[in-house]
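Residues per chain are reported as follows:
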Amino acid sequence: MESSSKQVLSLIQPTGDIHLGNYLGAVKNWVDIQEKYSSVLGVANLHAMTMPYKAPKLREATWKMAYQLLATGINHENLFIQSLIPEHMELCWILSSVCSYGDLTRMTQFKDKSDQIKEVNGKEELISSALFFYPVLQAADILIYKADYVPVGKDQEQHLELSRSIAQRFNYQFGVEYFKMPEPLFTNTPKILSTANPHKKMSKSLGDKHFINIFEDEKRIRKQINSAVTDTGENPDGEMSPGVSNLFQILKSSGNIEGHDALLNDFNSGSLKYKDLKQEVGNSLVSFLEPIRNKYLEIQGNKRKYRDMVKQSSIEIRKRAQKTLSEVREITGILNVKY
Ligand code: TRP
């Protein structure tokens, strides 16, 4: 692929193991994007502080996410930890001066997540102002590297829209053409459904039976596929049920097109046995994920080395953030000094 000078940026929250839905729906896309664009990818541990959390768990989850991203093929030079680049927080504050309060109150994710906090705990739990401020930090993440494209899911569209309006207001307020308008990059990635309830998207929050951890051993992966819900009796006229269609999707995404097409023929002629489909999906998925799992095992045996690599790349990427901040301080009239 030809390399382009466009800048791509995204961050992912450290939420625990990457599951098949995250991988096929987002992470794999980033791995491919690196070939085409200059990319930076961050672990959004500061965003993870916006919901109730425990410090040791967050520390562990942050490194785990970094290791797992490396295992999937993210280049270490492109990877950073958000909190290791404190300029993100400084820019967040500066941008808050050109972000309207009214716009922030219209963010639907804030409403969803604050409802979640109330529901899960049932008791009085803090809805932090960090949760309210979350989109401003996200705008800082994006604008600090002057990103052209931001690969995000539909759920982040509103936040990206806000980042654009912040950039616009900044340029207008200070009479400069400084920040670029970041564009979302929606790629046609498959939406993988829960294996236990194929009416829902694959998600960790639904429980263990619902998602496939991509680093799991062979036996567990096969077991999970074998126990996947297929027909739930709601498709009488020969239409494919969501569970079966999900298995076909996984088969295709794991690169076994031949097997996919042959089994699809069987389905169309009414001779498909779900047992055969599951066996083929299990085999394909296991060999598709094997290199990633092996890499992860290798990383886990050399954590120090990989941790140092990510710290080093964060230090390198930070230099770009510092340059932006120094320019922004000039533009906004807050004092600048060489430390
Ligand atoms: N809010 C994003 C999510 O939860 C994560 C994120 C933080 C992000 N900063 C970002 C995504 C900047 C894209 C760009 O998925």
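Not measured: the values here are computed from a predicted model.

(A) The arrangement of the overall build of the protein in detail. Helix and strand counts for the protein come out as 13 helices and five strands. Taken over the C-alpha trace, the protein has a radius of gyration of 22 Å; the compact-globule value for 339 residues is 20 Å, and the two agree within 12%. Seen through its C-alpha atoms, the protein measures out along the principal axes to roughly 75 × 40 × 40 Å. Burial statistics for the protein: of 339 residues in total, 46% are counted as buried. Within the protein, counting contacts between residues at least 6 apart in sequence, those at least 24 apart form 75% of the total. Summing over all exposed atoms, the protein offers an accessible surface of approximately 17,800 Å²; the carbon and sulfur share of this is 50%.

(B) Structural context of the environment of Asn268. Checked against the element boundaries, Asn268 lands in helix H11 (residues 257-268). Classification of Asn268 by relative accessible area gives exposed; the value is 58%. Taking C-alpha positions, Asn268 is 28 Å from Phe211, a pair spaced 57 residues apart along the chain.

(C) Summary view of the layout of surface pockets. By volume, the second largest pocket is sized at about 300 Å³. Among the secondary structure elements, those contributing two or more residues to the lining of the second largest pocket are helix H4 (87-96) and helix H13 (303-332). Looking at the lining of the second largest pocket, the element that brings in the most residues is H13, giving four residues. Here the lining of the second largest pocket is composed, by residue class, of four nonpolar, three polar and four charged.

(D) Focus on the nonpolar core. Counting 51 residues, the largest nonpolar core has Leu20, Leu69, Leu79 and Leu277 as its most contacted members. A per-element tally of this core places helix H12 (residues 274-301) first, with eight residues. A domain split of this core shows at least three residues from each of domain 1 (7-189 + 303-332) and domain 2 (204-298). Those residues in contact with Leu79 that sit more than four places away from it in its chain are Leu41, Val43, Ala66, Leu69, Leu70, Ile74, Val310, Ser313, Ser314 and Ile317.

(E) View of empty space enclosed by the protein. In the structure shown here, the tally under the stated rule is two cavities of 30 Å³ or more. Considered as a void within the structure, the largest cavity measures approximately 70 Å³ in volume. Considering the residues around the largest cavity, the lining is formed by Val8, Leu9, Ser10, Trp30, Ile33, Gln34, Ser39, Val40, Leu41 and Ile74. Elements with a contribution of two residues or more to the lining of the largest cavity: strand S1 (7-12), helix H1 (20-36) and strand S2 (38-43). Residues of the lining of the largest cavity, tallied by class, amount to seven nonpolar, three polar and no charged. In this structure, the second largest cavity encloses a volume near 50 Å³. Met107, Gln109, Phe110, Lys113, Leu131, Phe132, Tyr134, Pro135 and His159 together form the lining of the second largest cavity. Breaking the lining of the second largest cavity down by element, the ones donating at least two residues are helix H6 (108-121) and helix H7 (129-144).

(F) Expanded view of the site of the ligand. Surveying the vicinity of the ligand reveals the residues Leu9, Ser10, Leu11, Gln13, His47, Tyr134, Gln138, Asp141, Ile142, Val150, Val152 and Gln156. A distance of 2.7 Å is found between a nitrogen atom of the ligand and a side-chain nitrogen or oxygen belonging to Tyr134. Between Gln138 and the ligand, the recorded distance is 3.0 Å, taken from a side-chain N or O atom to a nitrogen atom. Going through the elements one at a time, S1 and H7 are the ones with two or more residues in the shell around the ligand. It is H7 that contributes the most residues to the shell around the ligand, four residues altogether. Of the residues contributing to the shell around the ligand, the split by class is six nonpolar, five polar and one charged.

(G) Main features of the domain arrangement of the protein. When cut into domains, the protein gives domain 1 (7-189 + 303-332) and domain 2 (204-298). For domain 1, the biggest contributors to the area lost against domain 2 are His19, Leu20 and Ala71; these three give 37% of the whole. Taken together, the connections running from domain 1 to domain 2 amount to zero salt bridges. For the pair domain 1 and domain 2, the number of links is six residue pairs in polar contact (both at pLDDT 80 or more). Put simply, the parts of the chain that give the side of domain 1 that touches domain 2 at least two residues each are H1, helix H3 (55-72) and H13. Of the residues in the side of domain 1 that touches domain 2, the class split is eight nonpolar, five polar and four charged.

Conventions we followed
Residues numbered from 1 in each chain as written. Predicted model: local features only at pLDDT ≥ 70, side-chain atom pairs only at ≥ 80, totals over all residues. Heavy atoms only, no water. Helix = DSSP H or I, 4+ residues; strand = E, 2+ residues; numbered from the N terminus. Rg over C-alpha atoms; globule rule 2.2 N^0.38 Å. Buried < 20%, exposed > 50% of the residue type's maximum accessible area, 1.4 Å probe, protein only. Contact = heavy atoms within 4.5 Å. Areas by Shrake-Rupley, 256 points an atom, 1.4 Å probe, with all protein chains shown as cover. 1 Å grid on protein atoms, 1.4 Å probe; cavity = no way out; pocket = protein on both sides within 12 Å on 5 of 7 lines; lining within 4 Å. Points joined across faces, edges and corners; volume = space filled by probe spheres on them. Nonpolar A, V, L, I, M, F, W, Y, C, P; charged D, E, K, R; others polar. Core = buried A, V, L, I, M, F, W, Y, C linked by side-chain atoms within 4.5 Å. Domains from an automatic or database assignment. Near = heavy atom within 4 Å. Polar contact = N/O pair within 3.5 Å; in protein donor to acceptor, adjacent residues only side chain to side chain. Buried area = accessible area lost by both parts, 1.4 Å probe. Salt bridge = Lys/Arg side-chain N within 4 Å of Asp/Glu carboxyl O.

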